[in-house]
Protein chains: 2
Amino acid sequence: MAAYVPPIEDITFLLGDVFDFDAVVRVLPGFEDIDTALATSILEEGGKFCAEVLEPLNRPGDEEGCRLENGQAITPAGTIDAYSAFVAAGWPGLSGDAKYGGQGLPRVLQILLDEMIASANLSFGLFPGLTRGAVEAIGHHASDALKATYLPKMISGEWTGAMALTESSAGTDLGLLSTRAQPVGDGSYAITGTKIFISSGDHDLGGNIVHLVLARLPDAPKGVKGISLFLSPKFLVNKDGSLGSRNGMSVGSLEHKMGIHAQPTCVMNYDGAIGWLVGEPGRGLNAMFTMMNAERLFVGIQGLAIGEAANQKAVAYARERLQGRSADGARGPVPIIEHADVRKMLMTGRALTDAGRALAVWTALQMDVAARHPDAETRRVADGFVALLTPVVKAAFTDFGFETAVMSQQVFGGHGYIREWGMEQYVRDARITQIYEGTNGVQAMDLVGRKVPIENGGLVKRFFAMIAHDLQAAAGDANLGEAVNATSEALIRLEGLTDYMLAKGTDLEEAGAAATDYLRSLALVTYGWLSVRMAVKAAAKANAVPGLTQRKTALARFFAARLLPQTIALDAAIRAGAADVVGLESELL
Amino acid sequence: MAAYVPPIEDITFLLGDVFDFDAVVRVLPGFEDIDTALATSILEEGGKFCAEVLEPLNRPGDEEGCRLENGQAITPAGTIDAYSAFVAAGWPGLSGDAKYGGQGLPRVLQILLDEMIASANLSFGLFPGLTRGAVEAIGHHASDALKATYLPKMISGEWTGAMALTESSAGTDLGLLSTRAQPVGDGSYAITGTKIFISSGDHDLGGNIVHLVLARLPDAPKGVKGISLFLSPKFLVNKDGSLGSRNGMSVGSLEHKMGIHAQPTCVMNYDGAIGWLVGEPGRGLNAMFTMMNAERLFVGIQGLAIGEAANQKAVAYARERLQGRSADGARGPVPIIEHADVRKMLMTGRALTDAGRALAVWTALQMDVAARHPDAETRRVADGFVALLTPVVKAAFTDFGFETAVMSQQVFGGHGYIREWGMEQYVRDARITQIYEGTNGVQAMDLVGRKVPIENGGLVKRFFAMIAHDLQAAAGDANLGEAVNATSEALIRLEGLTDYMLAKGTDLEEAGAAATDYLRSLALVTYGWLSVRMAVKAAAKANAVPGLTQRKTALARFFAARLLPQTIALDAAIRAGAADVVGLESELL
């Protein structure tokens, strides 16, 4: 099995050539000294860590899995050392707030590091990933005292975080949760209830585990308005910051899962666990969404990452595996990469992954702009794009990542089904990314129900206008003309479809029947745009990397010719309306 | 978790109303006394066995898996008893040749039984399924002496069969295999080599295990023309039919797989194992294809079966699981089956499964006609349709089955990722069906490279003409008009696309770049036709089953409106040609 190769060349190209990273960050206060060269050198180091330390643990960790010993979750061999090295090298704090000891680097570096971590070892990446989500929520909503106590050690990675939201009867519908928080009288609360699916809920990596728990106050109203967010650590923290006594929480069991076996996913019992309010009472969902939005992008990146890793392995295998004759029948056996059907699977995975990474970088840059740009209107526009694209990144990256993993496994034939080859693990691990942090159906409903209607469609139209503008500049290119035309046509179709959706207004059945297909359509058009943009920028690059222009041009043409046509079908399916989807009485289904 | 319910009502409808089973078999010699009522009562019994005996072993068998003890493959607890009961009830011989003790029932009953077995326990179903494949090859190609010795006990299920084709360097390309067969001098051969991925290669179910092994004779030419097929049993058989000494074969190891854990998939070492030629020397591939074609249909049925089981469970769960509010916002929490996005997943799975089963029944009836009809031309036409549809059934059923399993798992949200719920096993088990017995890419190449060109397209056009004729009869129906029109349009598009493919002739790159998409297109149009046909026949049924007409009409409309549009995209993608697929130098990928 070929080793994972961090996509540093592509990263440098995206930052330096495709999105003009240097110019973007130069005007962002605090980022003036950051440029592509610095980013590349940091990410090269990060990539090395992922390839050399994290990937070797990936398959053994899957085989060994986690276990519970005397109430303590035990991670697979090697995880503790790898995590210690990860912390010692300072990776947890890469984009963390400098005020609390973080390095304060741009979000775009973070997501690129996240991608490499998840390509190498998705289970491992959840430890820092969830910690960062918790840090976001605490940073935005908690009291200064809580921040001072928890953020420095979480940003350094010494302590980790966990999000305790789901209960067995309250998944997507958190309004149904029943965990209770009773005021103790000293400003703290005693939390009682059972949560399921709690990633990193317990582990043996040392330090404290900071749970952010959704629960109800005694006088809380029913539904989502009665939910508050609490910080509850595994160990109570002494005044001097040292770890005190064990808090009233325990691991009920470890979940038995399809994949991510090296990640201890816990059923957590809170039995009067002491916690503190994060944000206002009854505003827990609001605070949770701060954490959730960060996690949704993170999970999208996980999907992308699996696609990258799986495609890499499939390409390497297809170059080595000799089966069948050449297309002209003259040679045999030939590497299967020469067979058009195999090539199509590899090109599909590569095209989806390259365009996905471009969208990841673009979205992360918008986040950096939204957080720091001196101009309020620029911040507002960037923030809008992030809100619009968060569900798209989460759902499309993970759907395409899963599809790429499946296709890449298929390239291996029977070997792909055998555990030793590692391909089936990608499929099993990728599968969770379509489910957790809000299923992809929930993401699609968020897009059509909340995001597209923003400014009565003004936000999404602004996004389309930007794409159209970019495509216009590429029109007439001899190598790309067809791809540009196809993408422009798909964009116009999508604009029409968006009007169709907006005209349906708040009809939940129409939205639900259309949502998944609409999200995929929007993703495909966005990918088509970015594929073209990458090809244009590659061709324009001075001192072009050998082969880069051919590669990006071929991928843009392939994407437009072979994948973008899906948007025609999706458009037709959506316009057929909801009646045929929901018409049958449910008892007859 | 809801229990699996055998789809007896749908089976009766398909046989009795959709395909006029009674009239078809009445003219087939040997089948004169068989009718829908008899078939239904047999399959009801079979379904009961599947639901009551086989399904309860499915999840435990997945968890326990197989193991190797002293060189012997051990199946999970309960398998031996279940198999004994299966044999005692006479199920292995259902469609077996009466001359050798089989019940000689139509193929259509066999595939419907196969479906129920695989819905309940895919791993288990491979034991009788592979035995039947071996029986086919022996029955068609072996000497009378071999037939007399082996067929009766294989048809009764007392002995089982295995197909030993693949080697680590020879998968799709069997021409590369290196296993050797040395004449011993007494008409037998000593076989030496190592085979991988051998399902049912060894087990503890008792009796003999009859391996059909592809190997090369000493003077054999390179490539596929040097391959011969040999019968080599685990135990040599004494003159009186009793089991003699152990033959020179052993289990090297059990494969560690993504799924079908209850099926012992073996690495087999043949160390001078005694065997006998089946068919002519150098014609092994020909004999193997007899077995392989039977297995391809069988594997297709497995895909269908997983789709059926997974969809059933998802519908049952969606009726019970309460989350979110009703579309009008008035009620909550409501069963998630009320949410349009969930409903779309359930309808998709149901529509694909219902149409797939219809195609399975239709194809199996063609097999029965091809085998027995008194008129040679009728037999020839039916045989052509079977040849045409074999790769479609294998690839489309398994792709749709996998997609349905994934969607059904998605309906369960986080619970779908937890092993105890059983949904993730369907995904893992379904995945192998897209790979073994020729990957789905190989099936697609068989369709476009070998089957569509038959009679320069005459065969496939005859198939299309039959569909067009059937659709014409349904045109103008008030409830189905749109669906009929959409299907007719899709058919016309497919006919044009077929001409496009035929015009490309023997260009392997064009064929390869188009193959998978073309197969899916043909499958979707065929499904569209059968969905309409079922709706028409349901409406025409005297004493209609309550709800059947609504159900089948809704599914036909849904299929045409929501799934058939994919054919537009597939058409566009194929017509974009191979250049963008294969153009990039493989080093640059």
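Residues numbered from 1 in each chain as written. Chains lettered and ligands numbered in written order. Predicted model: local features only at pLDDT ≥ 70, side-chain atom pairs only at ≥ 80, totals over all residues. Heavy atoms only, no water.

In the nomenclature of an unreviewed UniProt entry, chain A is known as 3-methylmercaptopropionyl-CoA dehydrogenase of Sphingomonas panacis. Regarding chain A, the UniProt comment filed under Catalytic activity (unreviewed entry) reads as follows: "3-(methylsulfanyl)propanoyl-CoA + oxidized [electron-transfer flavoprotein] + H(+) = 3-(methylsulfanyl)acryloyl-CoA + reduced [electron-transfer flavoprotein]". The UniProt entry for chain A carries the following comment under Cofactor (unreviewed entry): "FAD". (UniProt positions renumbered as here; feature names shortened; annotations may be inferred.)

**Student:** Just to check I follow, could you spell out the side chain of A:Gln410 for this structure?
**Tutor:** Its location among the elements puts A:Gln410 in helix α11 (residues 376-411). Among the polar contacts made by the side chain of A:Gln410, one reaches the side chain of B:Arg431 at a distance of 2.9 Å. Excluding its chain neighbours within four sequence positions, the residues that come into contact with A:Gln410 are A:Met345, B:Arg431, B:Gln434, B:Ile435, B:Thr439 and B:Asn440. (Helix = DSSP H or I, 4+ residues; strand = E, 2+ residues; numbered from the N terminus. Polar contact = N/O pair within 3.5 Å; in protein donor to acceptor, adjacent residues only side chain to side chain. Contact = heavy atoms within 4.5 Å.)

**Student:** Looking at this structure, I do not really get the nonpolar core. What am I missing?
**Tutor:** A general feature of soluble globular proteins is that nonpolar side chains tend to end up buried together. Counting 366 residues, the largest nonpolar core has A:Phe463, A:Tyr518, B:Phe463 and B:Tyr518 as the members making the most contacts within it. Not counting residues within four places of it along the chain, the set of residues in contact with B:Tyr518 comprises B:Leu447, B:Val448, B:Val452, B:Val460, B:Phe464, B:Leu494, B:Leu497, B:Thr498, B:Met501 and B:Ile574. (Core = buried A, V, L, I, M, F, W, Y, C linked by side-chain atoms within 4.5 Å. Buried < 20%, exposed > 50% of the residue type's maximum accessible area, 1.4 Å probe, protein only.)

**Student:** Would you mind going over the packing of aromatic side chains with me for this structure?
**Tutor:** Note on aromatic pairs: each is described by the distance of the centres and the angle between the planes. This structure, assessed with the given rule, holds 41 aromatic pairs over all chains. Taking 6.0 Å as the distance between ring centres and 65° as the angle between the ring planes, the aromatic pair formed by A:Phe412 and A:Trp421 counts as edge-to-face. A:Phe412 sits in the buried class, given a relative accessible area of 3%. Three or more aromatic residues link up through ring pairs in this structure, and these residues are A:Phe49, A:Tyr83, A:Phe86, A:Phe124 and A:Phe127. Seen from the ring of A:Phe402, A:Arg431 lies directly overhead, with NZ or CZ sitting 5.5 Å from the centre. The cationic tip of B:Arg246 hangs over the ring face of B:Phe235; the distance from NZ or CZ to the ring centre is 5.8 Å. (Phe/Tyr/Trp six-rings, centres within 6.5 Å; stacked < 30°, edge-to-face > 60°. Lys NZ or Arg CZ within 6 Å of the ring centre and 35° of its normal.)

**Student:** Can you walk me through the interface of chain B and chain A in this structure?
**Tutor:** Accessible area lost during the coming together of the parts is what is often quoted as the interface size. Taken together, the contact pairs 86 residues of chain B with 86 residues of chain A. Regarding the contact of chain B and chain A, the summed buried area is about 7,600 Å², with carbon and sulfur atoms giving 59% of it. Counting the surface chain B buries against chain A, the share from its top three residues, B:Tyr417, B:Arg562 and B:Leu589, is 12%. Taken together, the connections running from chain B to chain A amount to six salt bridges. Here B:Asp517 makes a salt bridge to A:Lys344, at a shortest N to O gap of 3.5 Å. Inspection of the chain B/chain A interface yields 52 residue pairs in polar contact (both at pLDDT 80 or more). Classifying every residue of the side of chain B that touches chain A by side-chain character gives 39 nonpolar, 25 polar and 22 charged. (Buried area = accessible area lost by both parts, 1.4 Å probe. Salt bridge = Lys/Arg side-chain N within 4 Å of Asp/Glu carboxyl O. Nonpolar A, V, L, I, M, F, W, Y, C, P; charged D, E, K, R; others polar.)

**Student:** Looking at this model, I keep getting lost on unusual backbone geometry. Mind explaining?
**Tutor:** Residues A:Gly332 and A:Pro333 are joined by a peptide bond in cis, for which omega reads -10°. Counting through the fold element by element, A:Pro333 comes out in the loop between α9 (284-320) and α10 (340-372). Positive phi, close to 35°, is recorded for B:Ile260, a residue that is not glycine. Along the chain, B:Ile260 turns up in the loop between β10 (249-254) and β11 (265-278).

**Student:** Please explain empty space enclosed by the protein as it appears in this structure.
**Tutor:** Using a probe with the size of a water molecule, rolled over the atoms, empty space left in the structure can be pinpointed. Residue and element names in this part refer to chain B. Across all of its chains, the model carries 13 cavities of 30 Å³ or more by this definition. Of the volumes computed, that of the second largest cavity is approximately 90 Å³. What lines the second largest cavity is Arg107, Gln110, Ile111, Asp114, Gly129, Arg132, Gly133, Ala294, Glu295, Leu297 and Phe298. Looking at the lining of the second largest cavity, the elements with two or more residues in it are α6 (107-120), α7 (122-141) and α9 (284-320). Its residues assigned to classes, the lining of the second largest cavity shows four nonpolar, three polar and four charged. (1 Å grid on protein atoms, 1.4 Å probe; cavity = no way out; pocket = protein on both sides within 12 Å on 5 of 7 lines; lining within 4 Å. Points joined across faces, edges and corners; volume = space filled by probe spheres on them.)

**Student:** Sorry if this is basic, but what is going on with the relation of the copies chain B and chain A here?
**Tutor:** Relating the two copies of this chain is a rotation about some axis coupled with a shift parallel to it. Placing chain B over chain A gives an RMSD of 0.0 Å and needs a rotation angle of 180°, together with 0.0 Å of translation along the axis. In the structure described here, the two chain copies are related by an operation that fits a two-fold rotation axis. No C-alpha of chain B lies nearer the rotation axis than that of B:Ala569, which sits 2.8 Å from it. Most of the interface of chain B is mirrored in chain A: 100% of its interface residues are interface residues there too. (Least-squares fit on C-alpha atoms with pLDDT ≥ 70 in both.)

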